Each structure stands twice: as structure tokens, then as C-alpha cells.
Amino acid sequence: MSRSHWTTWPSREALSRVGLTRARRMLTAAVRAAVIAVLLWTAVTQRDVADLAVVAAPVGLLACAAAAWGFMRTTLEHRLWPSLGLLATLMLIAAGAQQIGFVGPAVVLWCGCAVFALERMPLAAAVPATAVSLTGFALIDDDAWLTTAVVAVGLCLSGYVLRLDAEARGSAQRLLVQERAARTAEAESAALAERSRIAREIHDVLAHSLSAQLVHLEAARLLIERGAERDQILERVVAARGMARDGLVETRQALSALRGEMTPLEDFLRELVASCDGASLAVAGERRPLSAEASQAVRRVAQEALTNIRKHAPGAKAVMRLEYGTSEVALEVRDSGASRPREELTVSGSGYGLLGMRERAELLGGTLDAGPYEEGFVVRLKVPL
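Described in the following lines is the structure provided in the data block. Since the structure is predicted, the reported quantities are computational estimates derived from the model, not experimental observations.

The rules behind each value
Residues numbered from 1 in each chain as written. Predicted model: local features only at pLDDT ≥ 70, side-chain atom pairs only at ≥ 80, totals over all residues. Heavy atoms only, no water. Helix = DSSP H or I, 4+ residues; strand = E, 2+ residues; numbered from the N terminus. Contact = heavy atoms within 4.5 Å. Areas by Shrake-Rupley, 256 points an atom, 1.4 Å probe, with all protein chains shown as cover. Pairing = 2+ DSSP bridges. Axes fitted to C-alpha atoms, helices over the stretch in contact; angles between N-to-C directions. Patch = residues over 30% accessible without salt bridge, like charges linked within 9 Å, V, L, I, M, F, W, Y side chains within 5 Å. Salt bridge = Lys/Arg side-chain N within 4 Å of Asp/Glu carboxyl O. Parallel < 35°, antiparallel > 145°, perpendicular 65-115°, else oblique. Nonpolar A, V, L, I, M, F, W, Y, C, P; charged D, E, K, R; others polar. Buried < 20%, exposed > 50% of the residue type's maximum accessible area, 1.4 Å probe, protein only. Expected span 1.5 Å × (residues − 1). Arc of directions from axis to C-beta. Polar contact = N/O pair within 3.5 Å; in protein donor to acceptor, adjacent residues only side chain to side chain.

## Focus: the overall build of the chain
Scanning the chain from N- to C-terminus turns up twelve helices and five strands. Taking all contacts inside the chain whose residues are at least 6 apart in sequence as the whole, residues at least 24 apart take part in 71%. Surface accessibility of the chain: about 21,900 Å² in total, with carbon and sulfur atoms responsible for 62%.

Given below as C-alpha cells:
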């Protein structure tokens with residue numbers, strides 16, 4: 001055994017009653033009641049003692065109970081010297097009982113001190129205390145030496161087994177506390193991840209909607225500065241209003257998707273393509289179920305790509321292709337290049353759309369590539385299924 005094994009206290013969980021089943025608590029209470037009953041019975045039925053000793057017996061019993069209770073408390077608090085002092089008090093009471101003729105109570109006290117010392121104290125202190133207790137028991141026991149030795153060994157084994165059992169229960173309690181803490185931390189982490197996910201969804205929806213609104217409002221401002229017709233200006237304002245309304249709808253859709261109320265991805269993309277002049281959609285591969293995060297990533301990238309086409313290449317034809325693979329889904333959006341560029345539609349926007357899409361893809365373990373393609377521009381997204 002290592003040095004630490006000899007000097008280490010049993011854990012507080014092991015010394016406390018935490019984790020004890022109802023049956024074990026009832027058994028412990030029954031054992032204590034039986035010990036007290038034995039002490040009382042032997043004290044009352046003892047005939048070969050002085051009358052003064054019989055009168056003093058209840059006082060000794062109360063002192064014994066107080067010392068035992070104090071020993072339980074001090075060992076629970078890992079206080080060595082008070083524990084040794086209280087254990088010595090119990091031994092002195094046992095020796096006093098033996099001297100005045102209370103042999104039965106003395107035997108119970110000697111045996112109890114031996115077991116309790118091994119069960120509740122560091123072995124470096126428990127072994128000497130147990131040796132003293134068993135010596136007192138051997139001196140008072142009038143059986144054969146072999147019987148006395150067997151009883152002494154049995155007491156030592158009982159005390160050590162109780163110690164091991166308490167340590168096992170204490171370890172189980174610590175593991176239970178750690179498991180509960182881990183579950184709490186896991187739940188908090190999941191809640192934070194969910195909040196981050198919701199925040200990203202709302203951010204992407206609003207960024208897409210506000211960017212589109214900014215395009216039309218900037219165009220309206222330029223038209224006003226140039227003295228354009230009222231109908232042209234009104235057209236841009238109405239378009240911005242429609243973008244705001246669509247943004248609210250998309251926000252509600254994003255929240256519904258996060259709750260699992262998601263419309264089929266192909267239907268969403270068809271509706272998106274239908275709202276964009278000159279855009280088409282092709283779907284390839286065997287359709288597979290997507291996670292909510294992957295589906296939302298495809299939707300947001302498709303929206304952002306079409307918005308960029310309208311912003312930077314007005315009048316260009318957009319081709320969208322959705323392909324299901326064995327382990328991933330790919331989305332490609334490319335345009336043919338601006339056929340009728342408008343200055344007022346190309347000077348606005350924050351330029352953070354592609355960065356946001358790439359971050360979304362990387363968070364899911366996917367990739368996003370964007371760059372020139374022939375005369376136009378292409379965006380390719382791949383995310384795991």
C-alpha cells in the first residue's frame with residue numbers, strides 16, 4: 001500500500017448517509033438500537049456490581065452515546081485529533097465499565113471501537129486504535145485464545161469491509177454528481193448552440209432581406225436625384241416594401257424550420273426561382289433527407305446567390321442545380337453575366353454575403369466556392385447530408 005493510502009481519510013460521501021437506500025438506513029438503525037438494547041439489558045441484569053455502579057450506569061450510557069455521536073461528526077469533518085480523543089473516551093468508558101463489573105457493555109464498547117476506527121479513520125490512526133481496542137477485548141474475554149483470535153480477526157475484517165463498502169458508495173455518489181454536472185453542462189451547451197443557430201438564421205434572413213431593400217432604396221435615391229418620373233421612383237419604393245414583407249415571411253419560415261416545420265427543399269427552390277426572372281432549376285440524384293441545418297444552409301445560399309445576381313448582374317440568366325450525392329448535397333448557382341448593367345444597382349451592398357455563406361458551410365463541415373465562370377459568376381455549395 002502507498003503512503004497516501006494509509007494517511008487518506010475515507011471520503012465525506014462515504015462517511016455520510018447520502019446515497020444510502022431505505023433498507024440500509026433501516027438496517028443501520030436496527031443495529032444501533034440493538035447495541036443500545038444490549039448495553040441497557042446487561043447493565044440492568046448485572047447482579048455482581050455495587051448499587052452505586054448501577055445508579056451511575058445511565059450516566060455512563062449517556063456519555064457513551066454523546067462520545068459516539070461526536071466521533072461520527074468529527075470523522076465526517078476529517079478532524080483527526082478530536083476523533084482520536086472521542087475514541088479514547090469510549091475506550092476509557094469501556095475500561096471503567098470493565099473495572100466496576102459491567103463486562104457485557106465493556107465487550108460491546110471494545111468491539112465497537114475496533115470496528116468504527118477501521119471504518120471511519122485513516123489507516124495510520126485506525127490500526128493502532130483497533131489494536132488497543134482488541135487488546136482490551138482479549139483481556140476481558142474468558143474464551144479460549146483461538147476463539148478470541150478468530151473474533152478479533154472477524155472484527156478487523158468487518159471494519160475493513162465496511163470501509164470498502166462505504167468507499168464504493170462514496171465513489172458512486174461522486175460519479176453521480178459528476179454525471180449530473182456533465183448533463184447540466186451538456187444541456188447548457190446545447191442551449192447555447194441552439195441560440196447561436198437561431199441567431200445565425202435570423203441574421204442571414206435579415207441580411208438578405210435588408211440587402212435587397214437597400215438595392216431598391218438606393219436606386220430610388222438615385223432616381224430622385226436625377227429627377228426621374230414618379231412612377232419609376234414609386235416602383236423602387238414598392239419593391240423595397242415587398243422585400244421587407246418577404247423578409248418577415250422568411251423570418252417566420254426560418255423559425256418554423258428550426259422547430260421542424262420545414263417545407264420540402266425542392267419546393268422552396270422552385271418558388272425562389274419562379275420569383276426571379278430568367279432563372280431555372282434542375283434537380284439531380286436520388287432525393288435524400290437533409291438535416292435542418294443543411295437544408296437551411298442550401299436555402300440561404302440560394303437566396304443570397306440570386307440576390308447577388310439581381311444586384312450585380314441585372315438581366316442575367318441564372319441556372320440553379322441541386323444534386324444529391326451519397327454523403328453530401330451540392331448546390332450550384334451560376335449566371336450568364338450582366339446583359340444590361342445598371343449603375344444604380346451595382347453601387348450598394350455590404351459585400352459580406354459570400355463570407356457569411358462560407359462560414360455557414362464550414363460550420364456544417366462543408367465547403368463553398370465562388371468566383372468567375374465564363375462571362376458570369378458561379379457559387380458552389382457542398383454540405384454533408
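## Topic: the sheet that holds strand S3 (residues 328–335)
Spatially, five strands are ordered S1-S2-S3-S5-S4 in an open sheet, and the strand pairing comes out mixed. Where the open sheet ends on each side, the last strands, each with one partner, are strand S1 (279–284) and strand S4 (367–373). Put simply, the sheet's adjacent strands are angled 10 degrees from each other on average, direction ignored. Two strands pair when backbone bridges link them, and S4 and strand S5 (residues 376–384) are joined in this way by seven bridges, in the antiparallel orientation. Bridged to Tyr373 within S5 is Gly376. Along the sheet face, helix H11 (residues 292–312) touches strand S2 (318–324), S3, S4 and S5 and points at about 5 degrees away from the line of S3.

## Here's the deal with the environment of Arg310
Within the secondary structure, Arg310 sits in helix H11. Here the alpha-carbon distance between Arg310 and Cys276, two residues 34 residues apart in the chain, equals 8.4 Å.

## Here's the deal with a nonpolar patch on the surface
On the surface, Trp145, Leu146 and Val150 cluster together into a nonpolar patch covering about 400 Å² of accessible area. If you trace the backbone, Trp145 turns up in helix H8 (residues 145–225).

## Here's the deal with the packing of helix H5 (residues 80–100) against helix H7 (residues 123–140)
The angle between the axes and the distance between the axes are what describe a pair of packed helices. At their nearest, the axes of H5 and H7 sit 11 Å apart, and the two run at 0 degrees to each other. With respect to each other, H5 and H7 are oriented roughly parallel. Across from Leu80, Leu84, Leu87, Met91 and Gln98 in H5, the residues of H7 making contact are Ala125, Ala129, Val132, Ser133, Gly136 and Ile140. Of the residues in the contact of H5 with H7, the class split is eight nonpolar, three polar and no charged.

## Observations regarding the pairing of S3
A large share of S3 lies buried, amounting to six of its eight residues. Sheet analysis places S2 next to S3, joined by seven bridges and oriented antiparallel. Considered in S3, the bridge of Met320 is made with Val333. Following S2, the chain reverses through three residues before pairing antiparallel with S3. In terms of strand pairing, S3 meets S5 through seven bridges, oriented antiparallel. Paired with Val329 across the bridge in S5 is Val383.

## Some thoughts on the environment of Leu210
Inspection of the secondary structure assignment puts Leu210 in helix H8. Spatially, the C-alpha atoms of Leu210 and Gly247 are 7.8 Å apart, while their sequence positions differ by 37 residues.

## A word on unusual backbone geometry
Where the residue is not glycine, phi is negative for most of them; where a peptide bond is considered, it is trans in most cases. Here His78, not a glycine, exhibits a phi torsion of approximately 60 degrees, which is positive. When you line up the elements, His78 lands in the loop between helix H4 (51–76) and H5. Given the relative accessible area of 23%, His78 is considered partly exposed.

## Some thoughts on the pairing of S1
Bridging between S1 and S2 involves six bridges; their strand directions are parallel. Its bridge partner lying in S2, Ala282 is registered against Arg321.

## Here we look at H5
Along its 21 residues, H5 runs 30 Å from first to last C-alpha, staying within 8% of the 30 Å computed at 1.5 Å per residue. Of the residues making up H5, those classed as buried are Ser83, Leu87, Leu90, Met91, Ala94 and Ala97. Buried positions in H5, seen along its axis, are confined to an arc of 115 degrees and lie on one side of it. Summarising the geometry of H5, the exposed residues directed more than 90 degrees from the buried face are Trp81, Leu92 and Gln99. Looking one or two places after H5, you find Gly101, whose phi comes out positive at around 105 degrees.

## Structural notes on the packing of helix H10 (residues 265–274) against H11
Packing of H10 against H11 brings their axes to within 11 Å, and their N-to-C directions diverge by 10 degrees. In terms of orientation, H10 lies roughly parallel with respect to H11. Listed contacts from H11 to Leu265, Phe268, Leu269 and Leu272 of H10 are Ser295, Val298, Arg299, Arg300, Ala302, Gln303 and Leu306. Split into classes, the residues belonging to the contact of H10 with H11 amount to seven nonpolar, two polar and two charged.

## As for the environment of Gly366
Inspection of the secondary structure assignment puts Gly366 in the loop between helix H12 (353–363) and S4. In this structure Gly366 comes out as buried when scored by relative accessible area, which is 11%. For the pair Gly366 and Lys382, spaced 16 residues apart in the sequence, the C-alpha separation amounts to 5.3 Å. If we skip the residues at most four places from it in the chain, Gly366 touches Ala361, Lys382, Val383 and Pro384.

## Some remarks on H11
If you check H11, its first and last C-alpha atoms are 30 Å apart, about what 21 residues at 1.5 Å a residue would give, namely 30 Å. One side-chain oxygen of the residue at the start of H11 lies 3.2 Å from the amide nitrogen of Ala294, identifying that residue as Ser291.

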